[in-house]
Amino acid sequence: MELIPKVTHHYLRTKKKFPNVWCAGCGIGIVMGAIIRAIDKLKLSRDEVVMVSGIGCSSRMPVYVDFNTLHTTHGRPLAFATGVKLAKPSLKVIVITGDGDALAIGGNHFIHACRRNIDLTCILVNNQTYGMTGGQFSPSTPFMKIGTTAPYGNRERAFDISKLAIASGAPFVARGTAYHVVQLEKLVEQATLKKGFSLVEVISHCPTLYGRLNKEGDAVEMLKWQRGHAIPISAAGKVPPEKLRDKFLTGVLWDIEFPEYCEEYDKVIAEAQRRD
Amino acid sequence: MRTATDQKERLLQGNQACAEGALASGARLFAGYPITPSTEIAEFLARQLPKVGGKFIQMEDEIASIAAVIGASVTGLKSMTATSGPGFSLMQEHIGYAYMAEVPCVIVDVQRGGPSTGLPTKVAQSDTMQVRWGTHGDYYAIALAPSSVEECFELTIRAFNLSEKYRTPVIVLMDEVVGHMREKIKLPDPGEIKVINRMKPTVPPEWYQHFEINPHFVSPMASFGEGYRFNITGLTHNPEGFPTDRPEVIREKLDKLKNKICHNVSDIVQVREEFMEDANVAVFAYGIVARAAGQAIRMAREKRMRVGLIQPLTIWPFPDEYIERILEQLDLIIVAELNQGQLIGEVMRVVRGKTRVRGLFRYDSELITPDQIFDKIREEK
Ligand SMILES: Cc1ncc(C[n+]2csc(CCOP(=O)(O)OP(=O)(O)O)c2C)c(N)n1
Ligand code: SF4
């Protein structure tokens, strides 16, 4: 435990639930660290934070952190979180989900949460695979990559998650990586402060399954891949288009204002009571 | 001149009475997805909930609806949803979640004909067994079944009370006719209504266990944001709410879930009866069929036949004890239901061949008439 910095330690349920389920080298722990540091920086009390997740390796995160935590069903955390937020809008509700959780079984909830614009902070750990069930391909597995259910190469196209969120109406969309931890921390912080639905897509790695099946090396190799393929959106204009082709943009990709659902509902209450 | 009591007498639809019952119980969140023949409940609450500071949300489907209901309930609001067969099928995974995570909530199922999209606007009792067995895993359901507009109001309140008392989902099993028919009903003053709220913890957060094991099988329940910071999961968990794979802890949890229902059957189960004192024949029927049966019994009584009505207001848990008790005096039980025969299996299970059991089933979208029941009584007697 000495290896865990003091800040992180303060937010972990150390007595209760360690060691964790994650493989050595997995990116999910890095994401958890960034979220904790962002919450610490924002000086949120642990009592006012609710962490909601679905099912998957990434969705195991709430079990370890000392907040109000709700580990739900596969694909549905955004729907549960909607009820939590509506019941007590003063709570900060953070949703942890995976690419399979949010985009396959939970795809409908995902686009509707974006559209509804209820004040949730959604951290989507995109490791391009179904980790928990053993490395099957997911809706974000790139074309022709290997999964245990795509032994001859995945013949489907991957979602561009951030674009999907923007098209669905999310007012705040950012992308970070497990490698760029300092940036990730900032993105989580900004997303948490945003009034309305915010998405942080985190490009992460699953060395145990995806990395091994696709011969992408160990955790360090996969982190290096993230470093080599992330282009900050601020620099995108300066990079020649042919060099952008196999890369992805990081940073705040989209930030607009739109009326938030809970605040709008307060107006509904006022209107209903006025007419009564 | 109208008196205060007259003013309270209103002509209400069953669905509306159900929604009024929810408001009277203190329900402050409804999440749902439109489906015939339940939609009036959503429409009514969309209008009424904000007036009392409550919230209505239309979700993207029924899976999301009950998820939002559970999320709101663990955050401290009494919450509900309403649907019909197809939506109820979609809710099953989360009904199991609410049961496992011990989350109070109310689910109204206004039944229509099935299977599949079936008969959206027609009456049926086709979900009788889905209510009991729909979700996966060992599960003990509580389901209440009104047969009149007044019972829609009363049993919805009772559903909230039982769900709060036992920290478990409770189903109000209505049907298209009960949901849509209009009857006069006298709504009681709020002060006259008995409302039960979930037990809150009295211990400091360090000692609190969200799924505490105690002799009553029901743990006090803190809400999110009250300083207790506990974990909730649908994975089989220990009293603190953390996933476990220890056999003795697993068994203890599943026993607790079972016992809180099975040890309280006498509190949960209610049976309404008519003319049962001297009856040697009983008609067993719930929901709208019980109304036709009541009429049929009066026809039989006029012909000096000793026939009575057994109407389970609680259909799950099944009223085993009541039937066992009444069995000795009966030569015949006629089970009338709007399906191909679902509850009759339960009656036969309890009767164990000690009395004749006969079924009267209708599943062609029409109601069973009093004449049909009366004829069946004459034919079988
Ligand atoms: C209804 C349902 N279907 C399937 C599963 C099995 N399942 C558990 S986790 C998972 C995939 C998780 O993938 P992802 O969301 O990408 O998370 P990761 O494990 O990669 O972090 C699946 C299919 C389930 N738990 N529930
Ligand atoms: S299987 Fe993959 S995603 Fe899951 S913990 Fe292991 S490395 Fe991480």
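Conventions and cut-offs
- Residues numbered from 1 in each chain as written.
- Chains lettered and ligands numbered in written order.
- Predicted model: local features only at pLDDT ≥ 70, side-chain atom pairs only at ≥ 80, totals over all residues.
- Heavy atoms only, no water.
- Near = heavy atom within 4 Å.
- Nonpolar A, V, L, I, M, F, W, Y, C, P; charged D, E, K, R; others polar.
- Helix = DSSP H or I, 4+ residues; strand = E, 2+ residues; numbered from the N terminus.
- Buried < 20%, exposed > 50% of the residue type's maximum accessible area, 1.4 Å probe, protein only.
- Salt bridge = Lys/Arg side-chain N within 4 Å of Asp/Glu carboxyl O.
- Pairing = 2+ DSSP bridges.
- Axes fitted to C-alpha atoms, helices over the stretch in contact; angles between N-to-C directions.
- Contact = heavy atoms within 4.5 Å.
- Polar contact = N/O pair within 3.5 Å; in protein donor to acceptor, adjacent residues only side chain to side chain.
- Areas by Shrake-Rupley, 256 points an atom, 1.4 Å probe, with all protein chains shown as cover.

Student: Is there a simple way to explain the site of ligand 2 in this structure?
Tutor: The environment of ligand 2 is made up of Trp22(A), Cys23(A), Cys26(A), Cys57(A), Asn127(A), Cys206(A), Pro207(A), Thr208(A) and Leu209(A). Its residues assigned to classes, the shell around ligand 2 shows seven nonpolar, two polar and no charged.

Student: Would you take a moment to explain unusual backbone geometry for this structure?
Tutor: Note on backbone geometry: most residues besides glycine have negative phi, and most peptide bonds are trans. A cis amide bond, omega 0°, links Thr36(B) with the succeeding residue Pro37(B). Among the structural elements, Pro37(B) can be located in the loop between strand S2 (29-32) and helix H3 (39-48). Note that the residue after Gly114(B), namely Pro115(B), is joined by a cis bond; omega there is -5°. Looking at the element boundaries, Pro115(B) is found in the loop between strand S5 (105-111) and helix H7 (128-133). Backbone geometry at Lys215(A) places phi at a positive 50°, although glycine is not the residue there. At Arg304(B), a position not held by glycine, the phi torsion is positive, near 60°. Structurally, Arg304(B) is set in the loop between helix H12 (288-302) and strand S12 (307-312). With a relative accessible area of 77%, Arg304(B) lands in the exposed category.

Student: Explain the pattern of salt bridges here, please?
Tutor: Taken as a whole, this structure holds 41 salt bridges over all chains when the rule is applied. Lys195(A) serves as the salt-bridge partner of Glu263(A), at 3.8 Å between the closest nitrogen and oxygen. Here the residue Glu263(A) occupies a position in helix H12 (residues 261-275), and Lys195(A) occupies one in the loop between helix H8 (181-193) and strand S8 (198-203), the gap between them amounting to 68 residues. On the basis of relative accessible area, Glu263(A) is assigned to the partly exposed category, the value being 40%. Between Glu9(B) and Lys184(B) there is a salt bridge, with the nearest N and O atoms lying 3.6 Å from each other.

Student: I tried to follow the sheet that holds strand S10 (residues 248-255) of chain A on my own but got confused; where do I start?
Tutor: Hydrogen bonds along the backbone pair up the strands of a sheet, which may run parallel or antiparallel. On the basis of which strands lie adjacent, the open sheet formed by nine strands has the order S9(A)-S10(A)-S7(A)-S8(A)-S4(A)-S3(A)-S1(A)-S2(A)-S9(B) and mixed pairing. Two strands lie at the open edges of the sheet, namely strand S9 (230-232) of chain A together with strand S9 (231-233) of chain B, each paired on one side alone. Ignoring which end each strand starts from, the neighbouring axes of this sheet average 20° apart. Where S9(A) meets S10(A), three bridges bridge the pair, whose relative direction is parallel. Bridging from a neighbouring strand, Pro232(A) pairs with Thr250(A) of S10(A). Docked against the sheet, helix H3 (residues 28-41) of chain A engages strand S1 (49-53), strand S3 (92-98), strand S4 (121-126) and S8 of chain A, running at close to 160° with respect to S4(A).

Student: Explain the site of ligand 1 here, please?
Tutor: All names here are of chain A. Taken together, 17 residues are adjacent to ligand 1, and Cys 57, Ser 58, Gly 100, Asp 101 and Gly 131 come closest. Contacts to ligand 1 include Asp 101, whose backbone N or O atom sits 2.7 Å from an oxygen atom. Considered on its own, ligand 1 offers 590 Å² of accessible surface; in the complex 77% of this is hidden by protein. Taken together, the elements giving at least two residues each to the shell around ligand 1 come down to helix H5 (99-105) and strand S5 (129-130).

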